[in-house]
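For reference, the chains in residue letters:
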Amino acid sequence: MWLNLHKNHRLFLGLAAGVFLLLSTLIAVMPAFSVQNNNAPLPDASPTNAEIQNGLDVFVSENCMACHTQQVRNIDMDKTWGGRPGIPADYARNARLDNLRATPSVLGTERTGPDLTELGERQPSEDWHYLHLFNPRSVVKESIMPAYPWLFTTQSTVGSYDKELNVPAEFRQGITGHIVPTERARQLVAYLLSLKQVDLPDGQSPAFLEYKKPKPAAGSGTASGEAVLDGAALYAQHCQACHQAGGEGLKGAFPPLKGSPIVNDANAEMLVRIVLQGYDARAEYAVMPPFAQKLSDAEIAAIATHERSAWSNRAEKVTPELVRQIRAAIETETTQ
Amino acid sequence: MESSILNRWHWASLLLVLSVQPVLAQGSPVGDVWSQPGIIGTIILLVIVMAGVLVLAIARLGGVLNKLSTPLEQQQNETFEETVANLTTDQLDQILERRQARSYQLTGRELGSEQRPQDEKGLVSHVTTDMHAPLVAEKKHTLRYGKVEPALIRLIAAYLLSAAFWLVFGTAIGWYVGIKFVRPDIDHVAWLSFGRLRPVHTNTVFWGWSSLSMLGLGLFVVTRTSNTRLFSYRLGWLSLGLINACLVLGTLCLMNGINNGGGEYREFIWPVMALFAIGLVISLYNFYQTVAHRQIEEMYISNWYMLGALSWVIILSVIAYLPFYQNGLGETVIQGYYMHQGVGMWFMSFTLGLVYYFLPMSLNKPIYSYSLGVLAFWTQLLFYTLIGTHHYVFSPVPWWLQAVAIVFSAGMFIPVLAGTTNFVMTFRGSGKHVTSSYSLPFLAVGVLFYFTGSVQGSMQAFRFTNVVWHFTDFNVAHSHITMYGIIAFLLWGCIYTLVPRFMGREPRQLLVGIHFWFALLGLLAYIVSMMIGGTLKGLSWLDGEPFIKSVVLMAPFWVWRAIGGTLMLLSHFVFAFNLYEMLLKSAPASEASSVPHLNNTHHVAESA
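Here the residue numbering is sequential within each chain, running from 1 through the sequence in written order. Here every chain gets a letter starting at A, and every ligand a number starting at 1, in the order they are written. In keeping with the model being predicted, local features are shown solely for residues with a pLDDT of at least 70 and side-chain atom pairs are shown and tallied solely at 80 or more, while totals for entire chains, interfaces and linings include all residues. Think of the side-chain values as coming from all heavy atoms in the structure, minus any hydrogens and water.

- Taking an unreviewed UniProt entry as the reference, chain B is identified by name as Cbb3-type cytochrome c oxidase subunit I belonging to Fibrella aquatilis.

- Within an unreviewed UniProt entry, the label attached to chain A reads Cbb3-type cytochrome c oxidase subunit II, and the organism entered is Fibrella aquatilis.

Here is the structure:
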């Protein structure tokens with residue numbers, strides 16, 4: 001009985017391996033070929049360069065993918081990480097690193113740390129990244145990310161091309177010289193800053209699916225029907241990484257908001273303008289990114305109100321209406 | 001803020017512990033939580049556990065109630081007096097006689113004699129006279145097998161000792177990596193940093209511990225069930241050497257920052273992984289040739305699983321490492337396929353094959369249903385192969401792939417149920433066997449986790465549960481339920497069944513008990529903390545809270561994970577010592593005949 005699988009070991013192994021090979025081809029190899037071949041970078045994607053590629057190399061070496069994803073899923077909760085759900089074209093440039101190493105698995109499967117899809121937009125400050133890599137807890141107190149001091153070196157003098165780190169004393173670990181990033185750190189930061197979501201050509205994007213946490217019985221919500229925005233939470237999400245939880249900033253990197261004349265000014269226009277447009281006028285501080293595209297009028301108003309009432313700051317509330325007016329004013333200024 | 005945390009706790013406890021609270025919003029965007037199949041299923045699994053506990057509790061309670069419901073003492077006394085007054089003299093005599101008979105006591109020397117005790121057929125394997133408050137109940141002892149070729153014993157011993165080394169090494173790394181969640185600044189050394197060590201942990205426990213112990217045990221099963229010698233010892237040693245070389249080189253590479261690209265479980269670069277693949281090709285050839293030279297007509301089901309798994313993992317590794325279709329999202333499609341199949345088609349399939357041999361062997365009865373094993377085999381092959389993409393639900397990977405993955409994840413109930421039924425029915429009626437054995441509890445726990453872990457995994461693939469749990473520490477809990485609760489426990493059960501039999505040397509029962517309980521309690525602390533923490537984390541994200549809050553809220557759960565991990569690691573040291581005692585210790589403790597010992601105790605008893 002050659003058809004008896006219990007007795008014919010050759011037939012058995014051939015069948016078991018053959019079925020697996022067939023299914024694998026259908027479920028993995030062919031779809032992989034298809035998504036690889038029907039794909040191209042978006043027209044607006046900025047070109048990559050050697051430094052960014054080398055930065056990806058450092059990123060893979062340190063296996064940052066173990067904790068950081070780079071995928072905005074098409075569900076509501078991922079709106080935090082990008083303006084639109086990810087599409088295959090976002091990964092079109094992803095290819096083998098070299099003859100030894102495969103295509104980096106940047107999508108990731110675990111979010112022990114934040115998603116990095118839009119890191120370059122969310123945190124465009126080089127100084128912040130250097131401090132954060134030298135020791136994450138120097139800028140984010142609660143962070144559990146590893147420190148990467150081996151990406152930095154100590155020098156007795158600083159040349160004009162060197163970028164010295166203003167590491168707070170408690171994180172210097174007894175280093176007395178000047179701490180400067182190595183080439184690998186510069187490459188890594190170049191890569192991190194290059195992480196941005198590219199706009200789709202037609203401005204349209206796939207929709208996010210609504211998946212929200214079911215709320216206990218309706219009717220217990222706020223009477224006004226519109227939720228009151230939590231300025232403190234929004235501050236923690238968007239501002240705290242640089243300006244710190246106590247609003248004190250970091251010396252030589254990020255200006256303090258606590259006691260700041262701009263924040264406490266009776267006229268909040270300057271404050272709101274800086275939030276909307278970003279700020280890069282003072283050499284001693286890092287660049288502040290613009291938030292006009294990321295935050296709504298109500299959100300900016302809530303954050304500004306929080307900044308003007310928290311810590312020892314005492315100033316009037318900021319209304320969404322004021323933010324709307326300033327936003328409109330900026331638009332007319334720039335179109336003129 | 002306080003109340004929102006309380007709220008979330010409440011919600012998590014609703015999810016994880018059964019309680020009755022039907023008033024949840026209708027018509028919210030995802031509908032009623034209770035209509036989510038994943039949630040319902042997870043709760044059902046918990047109900048199964050709760051029901052077991054409840055049965056036990058009711059039985060206990062019934063006993064107490066019985067005692068309470070005896071009639072009042074006074075009532076009893078009255079009836080007694082009345083009965084005595086009405087007795088005749090004859091009846092009274094009878095009662096007195098009976099009373100005398102009942103008070104008869106043995107002198108303790110009735111069975112004794114002046115002759116020396118003899119055990120001509122070697123039936124007595126162990127005698128103990130120390131009955132004073134033993135720390136743990138004594139389990140049954142294992143008898144030595146008939147003839148096993150010394151060359152085979154040496155080869156299997158080498159596989160198992162290598163495996164034990166990688167277990168201790170890999171879990172020590174895992175333990176240290178877990179500590180880093182609590183103390184991120186514990187060291188600032190490049191090659192000890194989290195990103196580099198994490199794959200060292202996963203790869204060494206996967207390819208080192210699990211794979212090598214599977215292959216070592218498989219060598220025994222394939223020769224026994226084929227009733228023949230191993231085809232080639234030399235190939236067996238070669239395969240072992242290649243796999244060990246792969247692990248040493250791979251670990252060095254990873255710690256030096258040479259990472260294949262971070263795809264989970266394929267972090268070794270291809271020249272290193274090629275050693276492993278060649279080792280497996282050699283093993284497959286060796287196993288296949290042994291089966292081909294079998295002295296019986298039919299192939300036992302274990303060989304199906306083992307040969308299947310060996311061929312699948314080779315195909316899998318080749319597909320995972322070929323570069324032609326892995327640009328862009330092609331890599332992601334392959335990664336989902338690979339990381340899931342690695343677990344299901346290699347570890348799970350091969351280990352199931354081992355259980356189909358070692359479970360009936362240690363229970364000394366045949367497997368419940370051979371046909372169920374065959375059904376489970378083919379459905380495992382058909383369904384498991386298709387579900388890898390469920391690691392990328394909601395990602396930009398083509399939606400049809402995700403849908404297929406979710407559907408067949410549910411289909412996995414079939415092989416899991418078939419396997420579980422088969423094992424449970426084999427166990428049935430042998431409860432006494434399990435409690436009086438030191439190896440069977442490992443197999444029983446493994447089977448329990450096989451059911452709950454696999455079903456829980458399928459539910460995690462459902463869309464709603466995926467929203468809450470994906471990317472969180474819940475995944476880490478799931479992978480430890482499967483690779484540890486299922487695979488490691490089953491392998492330990494097999495090792496403790498086999499090694500004492502062919503070595504004729506047993507481990508110390510107390511140490512096996514410590515191994516068992518430390519591993520089990522450690523695992524429970526590990527998975528419960530990661531499941532609760534992971535759920536809270538997912539809910540925090542759903543609430544749109546700042547990311548750092550989800551890091552802060554995990555802190556106590558990471559501490560509990562570290563505690564559980566410490567227990568697990570300790571148990572591995574104990575296991576390694578047990579294996580050392582059985583395999584390497586020069587003076588075999590139980591080798592000496594027990595009869596002289598018996599005689600000694602006889603004389604001691606006499607003189608006392």
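1. Side note on the overall build of chain A
Here comes step 1: A tally of helices and strands in chain A yields 11 helices and 2 strands.
Here comes step 2: Pairs of residues are marked as contacts when any of their non-hydrogen atoms sit within 4.5 Å. Long-range pairs, those at least 24 residues apart, make up 68% of the contacts in chain A between residues at least 6 apart in sequence.
Here comes step 3: Here, Shrake-Rupley sampling with a 1.4 Å probe gives the accessible areas, and only protein chains in the shown set may cover a residue. As displayed, chain A offers around 16,300 Å² of accessible surface, 55% of which is attributable to carbon and sulfur atoms. Each helix is a run of DSSP H or I of at least 4 residues and each strand a run of E of at least 2, with the numbering of both proceeding from the N terminus.

2. Quick notes on the packing of helix 17 (residues 474-503) of chain B against helix 19 (residues 547-583) of chain B
Residues and elements named next belong to chain B.
Here comes step 1: Orientation of helix 17 relative to helix 19, taken along the N-to-C sense of each, is 20 degrees, at an axis distance of 11 Å. When the axis of helix 17 is compared with that of helix 19, the two are roughly parallel. Crossing angle aside, the handedness with which helix 17 passes helix 19 is left-handed. Note on element contacts: helix 19 touches helix 17 through R561, M568, S571, H572, F575, N578, L579, M582 and L583, opposite V476, H480, Y484, W492, I495, Y496, V499, P500, F502 and M503.
Here comes step 2: Residue composition of the contact of helix 17 with helix 19, by class: 14 nonpolar, 4 polar and 1 charged. A fitted line through C-alpha atoms represents every axis, and for helices the fit uses only the stretch in contact; the resulting angles, taken between N-to-C directions, go from 0 to 180 degrees. Should an angle lie under 35 degrees it is considered roughly parallel, over 145 roughly antiparallel, and from 65 to 115 roughly perpendicular; all remaining angles are considered oblique. Helix crossings fall into two classes, left-handed where the near helix is turned counterclockwise from the far one by less than a right angle and right-handed where it is turned clockwise. Residues are grouped as follows: Ala, Val, Leu, Ile, Met, Phe, Trp, Tyr, Cys and Pro are nonpolar; Asp, Glu, Lys and Arg are charged; all remaining types, including Gly, are polar.

3. Some remarks on a nonpolar patch on the surface
Here comes step 1: A cluster of nonpolar residues, F33 of chain A together with V318, L322 and F324 of chain B, forms a patch on the protein surface that exposes about 350 Å² of accessible area.
Here comes step 2: For F33 of chain A, the position within the fold is in helix 1 (residues 9-37).
Here comes step 3: Note on exposure labels: buried denotes an accessible area under 20% of the residue type's maximum, exposed denotes more than 50%, and partly exposed covers the range between, all computed with a 1.4 Å probe on protein chains only. Residue classification places F33 of chain A among the partly exposed residues on the basis of a relative accessible area of 32%. Within the patch definition used here, like charges are joined within 9 Å and nonpolar side chains (Val, Leu, Ile, Met, Phe, Trp, Tyr) within 5 Å, considering only residues with over 30% relative accessible area and no salt bridge. In what follows, salt bridge is the name for a side-chain nitrogen of Lys or Arg lying within 4 Å of a carboxyl oxygen of Asp or Glu.

4. Brief notes about the pattern of salt bridges
Here comes step 1: Overall, the coordinates contain 24 salt bridges over all chains when judged by the stated rule.
Here comes step 2: Among the ionic pairs, E264 of chain B bridges to R198 of chain B, the shortest N-O distance being 3.5 Å. In this pair, E264 of chain B is assigned in the loop between helix 7 (233-255) and helix 8 (270-292) and R198 of chain B in helix 6 (residues 194-226), connecting sequence segments 66 residues apart. Neither residue differs from the other here; E264 of chain B and R198 of chain B are each classed as buried.
Here comes step 3: Across the pair R266 of chain B and E331 of chain B runs a salt bridge whose closest N-O atoms are separated by 3.1 Å. Residue R266 of chain B is located in the loop between helix 7 and helix 8, and its partner E331 of chain B is located in helix 10 (residues 329-363); the two are separated by 65 residues in the primary sequence. The same class applies to R266 of chain B as to E331 of chain B, namely buried.
Here comes step 4: Several salt bridges converge on common partners, so that one network encompasses R73, D78, R111 and D115 of chain A.

5. Observations regarding helix 5 (residues 183-193) of chain A
Here comes step 1: Listed as buried for helix 5 of chain A are A185, Q187, L188, V189, Y191, L192 and L193 of chain A.
Here comes step 2: Buried residues along helix 5 of chain A sit against helix 2 (50-61), helix 3 (119-122), helix 4 (126-134), strand 1 (152-155) and strand 2 (178-181) of chain A.

6. Points about unusual backbone geometry
Here comes step 1: Phi angles above zero are rare outside glycine, and N63 of chain A is one such case at about 55 degrees.
Here comes step 2: One can find N63 of chain A in the loop between helix 2 and helix 3.
Here comes step 3: The phi angle at N227 of chain B is positive, at roughly 55 degrees, despite the residue not being glycine.
Here comes step 4: Relative to the helices and strands, N227 of chain B resides in the loop between helix 6 and helix 7.

7. Here we look at helix 7 of chain B
All names here are of chain B.
Here comes step 1: Over its 23 residues, helix 7 runs 33 Å from end to end, which matches the ideal 33 Å to within 8%, given 1.5 Å per residue.
Here comes step 2: A 3.5 Å cut-off defines polar contacts: any pair of N or O atoms within that distance qualifies, except that in protein one atom must be a possible hydrogen donor and the other a possible acceptor, and neighbouring residues in sequence count only when both atoms are side-chain atoms. A distance of 3.3 Å separates the backbone nitrogen of R234 from a side-chain oxygen at the start of helix 7, and that oxygen is part of S232.
Here comes step 3: Count one or two residues on from helix 7 and you reach G257, which has phi positive near 85 degrees. The span you would expect from a helix comes to 1.5 Å times its residue count less one.

8. Considerations on the environment of T305 of chain A
Residues and elements named next belong to chain A.
Here comes step 1: With respect to the secondary-structure elements, T305 resides in helix 10 (residues 297-309).
Here comes step 2: Since its relative accessible area comes to 18%, T305 is described here as buried.
Here comes step 3: Setting aside its immediate chain neighbours within four residues, T305 contacts K317 and V318.

9. Overview of the nonpolar core
Here comes step 1: Nonpolar cores were defined as sets of buried Ala, Val, Leu, Ile, Met, Phe, Trp, Tyr and Cys residues, with membership established by side-chain atoms within 4.5 Å. If you look at the biggest cluster of nonpolar residues, it comprises 234 residues, and the most contacted ones within it are W207, F220 and W346 of chain B.
Here comes step 2: For this core, the element with the highest residue contribution is helix 10 of chain B, accounting for 21 residues.
Here comes step 3: Membership of the second largest hydrophobic core comes to 23 residues, among which are L257, L295, A302 and A304 of chain A.

10. Structural notes on the side chain of R501 of chain B
Residue and element names in this part refer to chain B.
Here comes step 1: Position of R501 among the secondary structure elements: in helix 17.
Here comes step 2: The side chain of R501 is buried and forms no salt bridge, while E506, the nearest opposite charge, is found at 8.0 Å.
Here comes step 3: Excluding residues that lie within four positions of it along the chain, R501 makes contacts with T142, L143, R144, Y145, M361 and S362. Charged residues are defined narrowly, with Lys and Arg counted positive, Asp and Glu counted negative, and His plus the chain ends left uncounted.

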